[in-house]
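# Notes for the structure review
Here is how the chains run, residue by residue.
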Amino acid sequence: MHLAAIAPRTPIIGPMLCGMVLINMMLISHDVNAQVVDSEPLERIVEVVRTLVQTTLGAAEPATTRIEIAQLDSRLRLPRCAQIPSAELAPGTRSIDNGTISVRCSAPVAWSILVPVRVEREQEVVVVTRMLARQHIIQPDDVQIKTVSSRTLSNGYFDTLDAVIGLQTKRALNPGEVLNTTMVTAAKLIKRGQQVTLFSSRPGLTVQMKGEALEDGVLGQRIRIRNRTSKQIVEGYVESSGTVRLGL
């Protein structure tokens, strides 16, 4: 995996500094500062951030992945950390693609700094090929795989066609839209009140009967069915054929 770091354009200093650098003022006094000979190398902070991003992305990322780390202002002075500073995703950061890394030191003086990062990579996603109406059951010709920049994506996108075939649209979709989990739902194969076929199988024997669905059901869901003959209420699992399989 080739990872290219892009020189950022916005330094972290000035009015933003209070929000970006959080130093334990209880531990840093005038006397302590007077004893500090070395300051933390900004290059080491950047390297710690880059290492975390690369580890989070993993070795399977495409060669076109680009990492942009916000530039630290050269006037920034932090007491040199006794060990290599630790790094983790800052609270509230949901994705490494456009988030913030928290770099921390615990000794000899506790401090932390927030470093914005941006990652751009080419990602294969499922997109709509034609206008789809609301409650449409997605078919193979309705979607295709397309490569787009990760910066244009929201959470919950799909990257395989098999993951969306058979799902039902929640709203009308336009050609070129990237499918995500907010746009689709599992299709109802059985509706409440529908007459369905119940079956029970064991080696060498299959028994079928008719019943009435007492609730809606999607693939694999366990629903209640009233046997038309005995009037007994039983439970079974919805099959792709629209039938209901009794038992475990």
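In what follows, the accompanying structure is described. If you're wondering where the values come from, they're calculated on a predicted model, not measured in any experiment.

### Digging into the overall build of the chain
In terms of helices and strands, the chain carries three helices and 17 strands. Residues counted as buried form 37% of the 248 residues belonging to the chain. Taking the contacts inside the chain whose residues are at least 6 apart along the sequence as the reference set, 57% of them involve residues at least 24 apart.

### Considering the pattern of salt bridges
All chains considered together, the criterion is met by eleven salt bridges. Glu47 serves as the salt-bridge partner of Arg50, at 2.9 Å between the closest nitrogen and oxygen. Residue Arg50 and its partner Glu47 are both found in helix α3 (residues 42-57); the two are separated by three residues, about one turn of the helix. Across the pair Glu212 and Arg226 runs a salt bridge whose closest N-O atoms are separated by 4.0 Å. Here Glu212, found in strand β13 (residues 205-213), pairs with Arg226, found in strand β15 (residues 222-227); they are 14 residues apart in sequence, far enough to count as distant.

### Points about the state of the cysteines
Evaluation of the coordinates by the stated rule reveals one disulfide. With a sulfur-sulfur separation of 2.3 Å, Cys81 is cross-linked through a disulfide to Cys105. Across the S-S bond of Cys81 and Cys105 the torsion is about 100°, and the bridge reads as right-handed. Pair noted here: Cys81 is in the loop between β3 (66-69) and β4 (86-89) and Cys105 is in strand β5 (residues 98-105), with a separation of 24 residues, a long-range link.

### Section: the nonpolar core
Among the nonpolar cores identified, the biggest contains 21 residues, and Ile45, Val49, Val53, Val103, Trp111, Ile113 and Val115 are the most heavily contacted of them. At the level of elements, α3, β3, β5 and β6 (111-120) are the ones that each hand at least two residues to this core. In terms of residue count, the dominant contributor to this core is α3 (six residues). Here Val49 is in contact with Ile69, Ile101, Val103, Val115 and Val117, once residues within four sequence places are set aside. Val126, Leu173, Met183 and Val184 belong to the second-largest nonpolar core, a separate cluster that totals twelve residues.

### Side note on the layout of surface pockets
In this approach the atoms are scanned with a rolling probe the size of a water molecule, which exposes any empty space left behind. Estimates place the volume of the largest pocket at around 220 Å³. Ser95, Asp97, Asn98, Arg118, Arg121, Ser150, Arg151, Leu153, Ser154, Asn155 and Tyr157 are the residues that line the largest pocket.

### Comments concerning α3
Residue pairs spaced three or four apart in an α-helix point in one direction, given the helix's 3.6 residues per turn. Counted at 1.5 Å a residue, the expected span for α3 with its 16 residues is 22 Å, and the 23 Å between its end C-alpha atoms agrees. By the burial criterion, the buried members of α3 are Leu42, Arg44, Ile45, Val48, Val49, Arg50, Leu52, Val53 and Leu57.

Criteria and thresholds
- Residues numbered from 1 in each chain as written.
- Predicted model: local features only at pLDDT ≥ 70, side-chain atom pairs only at ≥ 80, totals over all residues.
- Heavy atoms only, no water.
- Helix = DSSP H or I, 4+ residues; strand = E, 2+ residues; numbered from the N terminus.
- Buried < 20%, exposed > 50% of the residue type's maximum accessible area, 1.4 Å probe, protein only.
- Contact = heavy atoms within 4.5 Å.
- Salt bridge = Lys/Arg side-chain N within 4 Å of Asp/Glu carboxyl O.
- Disulfide = S-S within 2.5 Å.
- Core = buried A, V, L, I, M, F, W, Y, C linked by side-chain atoms within 4.5 Å.
- 1 Å grid on protein atoms, 1.4 Å probe; cavity = no way out; pocket = protein on both sides within 12 Å on 5 of 7 lines; lining within 4 Å.
- Points joined across faces, edges and corners; volume = space filled by probe spheres on them.
- Expected span 1.5 Å × (residues − 1).

Purely spatial values, then, with no claim about function.
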